Structures are given as C-alpha cells and as structure tokens.
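Structural features, examined
Residues per chain, in single letters:
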Amino acid sequence: MEQFQVNGVEPFRLVVTGGGTGGHTYPALTAVRTLQARLAAEGRVLETLWIGTADGLEARVAPAAGIPFTTVATGKIRRSKNPIKLASPANVKDMARVPLGVIQARKAIDRFRPDVVLATGGYVAVPAGLAARMCHRPLVLHEQTVRLGLANRKLAASAARICVSSESTLDLLSESARQVAVVTGNPVRPEVLTGHADKAVQALRLWGFDRQLPTVYVTGGAQGAQQINELIGDVLPWLLAMANVVHQCGPDNVGGLRARAARLPAELQGRYHLTGFVGPELPDVLALADVVVSRSGAGTLAELTALGKPAVFVPLASSAGNEQAHNARHLEQAGAAVALVGEVTADELRSAVGPLLADAHLRWAMVERARAYGRPDAADRLVDVILSAAASG
C-alpha cells in the first residue's frame, strides 16, 4: 500500500484485530480513538485497518466508526477438559480454517504495512497475530480479564508487549511473558466517565424517585439476564422500600416485569423505572447509581471501578473459562464488590444488597476500594505502549 504523507509527516499505521464480543471490541475502539487524538495533538494522522470476522460485533462497530475493515477466515475453538470433545469434528473443522486466516491476514498486513498490530482477544486475533510475527511487525496484546484468554495465550510468545488490566495477572504469566508485560488497565469509553445524575432524572423522567434514598442500577447487559431479572422480581417490594431502582431488563423481558410491578403500591411503583435498554443516557444512569447489580464481564468491571461504584456481581456461569466468576471473586477479595456465584437465591441477594443500602459508610468504603482498583487512564497507558512498541520495532 502506498504511503501518503500529511504536511511532510508519514501517518502512523495501526492494525487492530480482535472482537466477537463487546469485551474485546470496545477496548480496541477506545484505544484507536485515544491514539488518534494523541497523534492529532502532535499534528500527525492515524490510519487504521481492523481485521475481524464478518459475523462479529467488530464488523458493525469498526465501519460505524469510520475504520476500514477486512475479514479473515478463522474458527472458534470449543473448550473442553475432555480431550475427545476437544477433538470434535466442529473443532477440527474450525482449526483447519486458521491457516487460511493466517494467509489472508498476512496479505492484509503486508499491504497495509502497519507500525504496530494491536490484538485485543477473541478467536479472530489468532491468525492476525501470527501474521504480524511473520511480517515482522510489533504485536501488542491487550487482555481485559484477570487471566489471559485463549487467543492471547496462543499469541503470548509472539508479542512485543503484553498489556494486562490487573496487577494480579502478572503472577499468572510465564516468566518470559512477564518480561514483556505492562499493567495498563482496561480502556473505558471516555463518555462513561462524564455522566450527571440530574440528567438521568430528566432523560428517564424519574419524577417518582426519592432522592433521599440510594439508587440501584440493575443490568444484565443489552439483552438482559434472566437470572438477574428473576432475582430482582423476587425481592422487588423489599428493595423498593429501601431504594430507587433503574432496571435494564432486556427488550424481551419488559412485559412480565411490568405486570409484576403493576401490583406494587403506587409509592413503590414511582421508585421503579423499568426499561428494556439503556442507550446514550448510560453515563448519567451510572452517575445516579449508588449500587450496581450486574454481570461481571471485563468491560463492566473496568467501568465500575473507574467510576468507583459499589457492585453486587452475579456472574454469567457460561462465560468462557468461567472468567466472569473469576473477575467477580477477584474484586470481592479486594473489598471492591460482592460476588454471588452459582445458583443465587433471593435471600443471598438481600444479604448482599441490604447492608450497602442501609449504610452509606459501607458504600463509601467500597467506593474507595473500587477506585483504587480502577484505571480511568487505561486507554492513555495502552497508547503509550503502542507508541513505545512502534519506536522499538
């Protein structure tokens, strides 16, 4: 690919690879935006190519952000402790696609000639990461969770730098990986950090909320979480006697919960805002929240700790490598959250949430611990590593 100079300065070229889910995609997008702003302040231009899959979230996010996007063949490895299941026909078929993906990624990288390749995980990162090594381009890995994901474990030996989100990850790395590891934190979308509680009240028309009471934000992600929805439904009268509640339940779950809420006394109904989806107002809802009840994906952890929000986590049991439970327990050990793992009962939820709602001092202690763990400057730290890898490569 031909190089074009801007004001006599060659552009900085970045290949991004990773995706499949928001946990891999949004940190990459935040890093791109942060690097773009950093270079612009220096009178330089960033050119980016995103290598992903046609059916991953990145296929929508990258083009929507104006980032050129190309796809490569890859395969999802279905994990199992049983070696017979690991060698299933589906796994064998998918693994056979990886060499083709490497060839495709190598052509794209040779043509684009990046200064750095940034891989943020997900199975699409494997062929592009391997191709970076073949093309002699510096490879920077970023890991969002406490333990390295499968893709990053496969790529660790090829990496110039391994950026991790937690100090505790360092002890889990091999000695060679530890030599190139840097603790950056997990990039958080800047807009998440700029919310205002009063704007949430206006945007969602929360006129029945009692601002003398704490507010709980309940979320199971964009599609909602049946487990969390059922738990909240079971404790709703008790919860609303102590707090206001914004409940993001997923578009398919509104009807049943709304019927349940209709049986509440009018005063309690006024303290309950039920919605299928929280969109641009999310930063303001987070600013309003005194306690958050949610899943414990890496992105959620990064946002809540950067904001210093007390959290009660109900991990998704089927997450890859059980990483959500591991994430939740890790923060609980730091005193920055409460983890409810496994088959959670309504009584367990009451025991976890009740003390936080009843005691502002207890909430504030958790705020302090969460903030100590959070890294709101993670995107800038990651950009520092990307620029350093380019200079060294």
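Every value quoted in this text rests on a predicted model; they were computed, and no experiment measured them.

**Some remarks on the overall build of the protein**
Of regular secondary structure, the protein possesses 17 helices and 13 strands. Radius of gyration (C-alpha) of the protein: 22 Å, near the 21 Å computed for a compact globule of 393 residues. With respect to the three principal axes, the spread of C-alpha positions in the protein is 65 × 55 × 40 Å. In the protein, which comprises 393 residues, the proportion classed as buried is 53%. Contacts spanning at least 24 positions in sequence make up 68% of the contacts within the protein whose residues lie at least 6 apart.

**Regarding unusual backbone geometry**
At histidine 136, a residue that is not glycine, the phi angle is positive and equals roughly 60°. A positive phi angle, near 55°, is found at arginine 205, a position not held by glycine. Tracing the sequence through the fold places arginine 205 in the loop between helix H8 (197–204) and strand E8 (215–219).

**Points about the sheet that holds strand E9 (residues 244–248)**
Pairing between the strands of a sheet is mediated by backbone hydrogen bonds and can be parallel or antiparallel. Spatial ordering of the open sheet is given by E10-E9-E8-E11-E12-E13, a layout of 6 strands whose pairing is parallel. With one partner strand each, in any of the chains shown, strand E10 (272–275) and strand E13 (338–339) form the two edges of the open sheet. Where E8 meets strand E11 (residues 291–294), 4 bridges bridge the pair, whose relative direction is parallel. Looking across to E11, one finds that tyrosine 217 is bridged to valine 292.

**Remarks on the pattern of salt bridges**
Evaluated as defined, the whole model comprises 12 salt bridges. Between arginine 44 and glutamate 42 there is a salt bridge; the shortest N-O distance is 3.8 Å. A relative accessible area of 29% places arginine 44 in the partly exposed class. Of the charged contacts in the structure, one is a salt bridge between arginine 260 and aspartate 234, with a shortest N-O distance of 2.9 Å. One end of the pair, arginine 260, is in helix H10 (residues 254–261); the other, aspartate 234, is in helix H9 (residues 226–242), with 26 residues separating them in the sequence.

**Remarks on the sheet that holds strand E2 (residues 46–52)**
The strand order E3-E2-E1-E4-E5-E6-E7 describes an open sheet built from 7 strands, whose pairing is parallel. Each edge of the open sheet carries a strand with a single partner, namely strand E3 (69–71) and strand E7 (181–183). With direction set aside, neighbouring strand axes in the sheet form an average angle of 25°. With 3 bridges joining them, strand E4 (residues 116–119) and strand E5 (residues 139–143) adopt parallel strand pairing. Bridge pairing in E5 links alanine 119 to leucine 141. Against the sheet, helix H1 (residues 22–41) engages strand E1 (12–17), E2 and E4, with an angle of about 170° to E2.

**Thoughts on the nonpolar core**
Across soluble globular proteins, nonpolar side chains show a tendency to be buried alongside one another. Formed by 34 residues in total, the largest nonpolar core has its most connected members in Val216, Leu239, Tyr272, Val293, Val312, Leu340 and Leu349. When contributions to this core are tallied by element, the ones reaching two or more residues are E8, H9, H10, E10, E11 and helix H15 (346–358). A total of 7 residues in this core trace back to one element, the largest contributor, which is H9. When neighbours within four sequence positions are excluded, leucine 239 is seen to be in contact with Val216, Ile232, Val245, Val353 and Leu357. Membership of the second largest hydrophobic core comes to 30 residues, among which are Leu282, Leu301, Ala311 and Phe313.

**A closer look at the packing of aromatic side chains**
The final tally for this structure, using the stated rule, is 0 aromatic pairs. The aromatic ring of phenylalanine 112 is capped on one face by arginine 13, whose charged end is 5.0 Å from the ring centroid. Arginine 189 extends its terminal NZ or CZ atom over the ring of tyrosine 26, reaching a point 5.5 Å from the ring centre.

**Structural notes on the packing of H9 against H15**
A pair of packed helices can be characterised by two numbers: the angle between their axes and the separation between those axes. The interhelical angle for the contact between H9 and H15, taken along N-to-C directions, is 25°, at an axis separation of 10 Å. One finds that H9 runs roughly parallel with respect to H15. The crossing of H9 and H15 is right-handed. Together, Leu231, Ile232, Asp234, Val235, Trp238, Leu239 and Met242 of H9 and Ala346, Leu349, Arg350, Val353, Gly354, Leu357 and Ala358 of H15 make up the contact between the two elements. Grouping the amino acids of the contact of H9 with H15 by side-chain chemistry returns 11 nonpolar, 1 polar and 2 charged.

**Structural notes on the side chain of threonine 219**
Looking at where threonine 219 falls in the secondary structure, it is placed in strand E8. Residue threonine 219 is classed as buried on the basis of its relative accessible area, which comes to 13%. Polar side-chain contacts of threonine 219 include one of 2.6 Å to the side chain of glutamine 248. Those residues in contact with threonine 219, other than ones at most four positions away along the chain, are Ile228, Gln248, Val293, Ser294 and Arg295.

**Focus on the environment of aspartate 171**
Along the polypeptide, aspartate 171 turns up in the loop between strand E6 (161–164) and helix H7 (175–179). Owing to a relative accessible area of 65%, aspartate 171 belongs among the exposed residues under this scheme.

Conventions adopted
- Residues numbered from 1 in each chain as written.
- Predicted model: local features only at pLDDT ≥ 70, side-chain atom pairs only at ≥ 80, totals over all residues.
- Heavy atoms only, no water.
- Helix = DSSP H or I, 4+ residues; strand = E, 2+ residues; numbered from the N terminus.
- Rg over C-alpha atoms; globule rule 2.2 N^0.38 Å.
- Buried < 20%, exposed > 50% of the residue type's maximum accessible area, 1.4 Å probe, protein only.
- Contact = heavy atoms within 4.5 Å.
- Pairing = 2+ DSSP bridges.
- Salt bridge = Lys/Arg side-chain N within 4 Å of Asp/Glu carboxyl O.
- Axes fitted to C-alpha atoms, helices over the stretch in contact; angles between N-to-C directions.
- Core = buried A, V, L, I, M, F, W, Y, C linked by side-chain atoms within 4.5 Å.
- Phe/Tyr/Trp six-rings, centres within 6.5 Å; stacked < 30°, edge-to-face > 60°.
- Lys NZ or Arg CZ within 6 Å of the ring centre and 35° of its normal.
- Parallel < 35°, antiparallel > 145°, perpendicular 65-115°, else oblique.
- Left-handed = near helix turned anticlockwise from the far one by under 90°.
- Nonpolar A, V, L, I, M, F, W, Y, C, P; charged D, E, K, R; others polar.
- Polar contact = N/O pair within 3.5 Å; in protein donor to acceptor, adjacent residues only side chain to side chain.

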